[in-house]
Amino acid sequence: MTVWGNRVSPVFDSAQTILLADIDNMEITGRKREFIPVTAPSTMAGTLVKLNIDTLICGAISKQPAEIIEEAGITLLPFITGNAEQILEEFARKQSMSKYIMPGCSMNLQKGNNAS
């Protein structure tokens with residue numbers, strides 16, 4: 001999850017911190033924050049793959065980086081806003097993310113499709 005302070009970073013394209021969480025059997029078993037330099041979308045996707053990310057929760061995201069991330073095999077849950085820890089806890093328990101969708105955005109969160 002891209003973060004800014006204690007919230008989901010509002011814009012993926014300029015996010016510089018990612019909250020990495022290990023989830024096992026609907027429990028968060030570990031978490032850490034990593035600095036991610038703002039780079040070209042393809043480089044960013046490569047960084048996420050190297051970090052073994054299988055799902056990325058983020059705020060607004062441009063079409064090109066969203067496509068690159070999805071092509072890398074990472075499930076994308078974009079246009080999410082709110083308290084990062086609360087969202088992470090609910091995601092781990094497989095709760096719906098629909099109440100965290102940014103105002104004015106619509107998407108199908110079950111498929112991880114972006115709404116660009």
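Above this text is the structure in question.
The text that follows walks through the structure, step by step, so that each part is easy to find.

**A word on the environment of Ser-96**
Turning to step 1, where the next piece is worked out: Topologically, Ser-96 is positioned in the segment after helix H3 (84–92).
Turning to step 2, where the next piece is worked out: Polar contacts involving the side chain of Ser-96 include one to the side chain of Ser-98, which spans 2.9 Å.

**Structural notes on the side chain of Glu-90**
Turning to step 1, where the next piece is worked out: On the secondary structure map, Glu-90 appears in helix H3.
Turning to step 2, where the next piece is worked out: Not counting residues within four places of it along the chain, the set of residues in contact with Glu-90 comprises Gln-95, Ser-96, Met-97, Lys-99 and Tyr-100.

**Quick notes on the side chain of Thr-2**
Turning to step 1, where the next piece is worked out: As for its placement among the helices and strands, Thr-2 is situated in the segment before strand S1 (3–4).
Turning to step 2, where the next piece is worked out: We classify Thr-2 as buried; its relative accessible area is 0%.
Turning to step 3, where the next piece is worked out: Excluding its chain neighbours within four sequence positions, the residues that come into contact with Thr-2 are Arg-7, Val-8, Ser-9, Phe-12, Ala-15, Thr-17, Ile-18, Leu-56, Ile-57, Cys-58 and Gly-59.

**Section: the nonpolar core**
Turning to step 1, where the next piece is worked out: Phe-12, Ile-18, Leu-48, Leu-56, Ile-61, Ile-69 and Leu-76 are the most contacted members of the largest nonpolar core, which has 18 residues in total.
Turning to step 2, where the next piece is worked out: When contributions to this core are tallied by element, the ones reaching two or more residues are strand S3 (17–24), helix H1 (41–50) and helix H2 (63–71).
Turning to step 3, where the next piece is worked out: Not counting the four nearest positions on each side in its chain, Ile-61 is found in contact with Phe-12, Asp-13, Ala-66, Ile-69, Leu-76, Pro-78 and Phe-79.
Turning to step 4, where the next piece is worked out: Val-3, Val-8, Leu-19 and Tyr-100 belong to the second largest nonpolar core, which has 15 residues in total.

**Regarding unusual backbone geometry**
Glycine aside, negative phi is the norm for most residues, and most peptide bonds take the trans geometry.
Turning to step 1, where the next piece is worked out: Phi is positive for Met-26, which is not a glycine, with a value near 65 degrees.
Turning to step 2, where the next piece is worked out: Within the element layout of this structure, Met-26 appears in the loop between S3 and strand S4 (27–35).
Turning to step 3, where the next piece is worked out: Using a relative accessible area of 39% as the deciding quantity, one classes Met-26 as partly exposed.
Turning to step 4, where the next piece is worked out: Despite not being glycine, Lys-94 has its phi angle at roughly 60 degrees, a positive value.
Turning to step 5, where the next piece is worked out: Position of Lys-94 relative to the elements: it lies in the segment after H3.

**Looking at H3**
Every α-helical turn comprises 3.6 residues, leaving residues that sit three or four positions apart pointing alike.
Turning to step 1, where the next piece is worked out: For H3, the full list of buried residues reads Ala-84, Ile-87, Leu-88, Glu-90 and Ala-92.
Turning to step 2, where the next piece is worked out: Buried residues belonging to H3 abut S1, strand S2 (7–8), S3, S4 and strand S5 (55–57).
Turning to step 3, where the next piece is worked out: Of the residues that open H3, the one with a side-chain oxygen 3.1 Å from the backbone nitrogen of Glu-85 is Asn-83.
Turning to step 4, where the next piece is worked out: Positive phi shows up at Lys-94, right after H3, with a value of about 60 degrees.

**Description of the pairing of S3**
Turning to step 1, where the next piece is worked out: By the bridge criterion, eight bridges tie S3 to S4 in an arrangement that is antiparallel. Counterpart to Thr-17 in the pairing with S4 is Phe-35.
Turning to step 2, where the next piece is worked out: Two successive antiparallel strands, S3 and S4, enclose a turn made up of two residues, where Asn-25 displays a positive phi of approximately 55 degrees.

Procedures and definitions
Residues numbered from 1 in each chain as written. Predicted model: local features only at pLDDT ≥ 70, side-chain atom pairs only at ≥ 80, totals over all residues. Heavy atoms only, no water. Helix = DSSP H or I, 4+ residues; strand = E, 2+ residues; numbered from the N terminus. Polar contact = N/O pair within 3.5 Å; in protein donor to acceptor, adjacent residues only side chain to side chain. Contact = heavy atoms within 4.5 Å. Buried < 20%, exposed > 50% of the residue type's maximum accessible area, 1.4 Å probe, protein only. Core = buried A, V, L, I, M, F, W, Y, C linked by side-chain atoms within 4.5 Å. Pairing = 2+ DSSP bridges.

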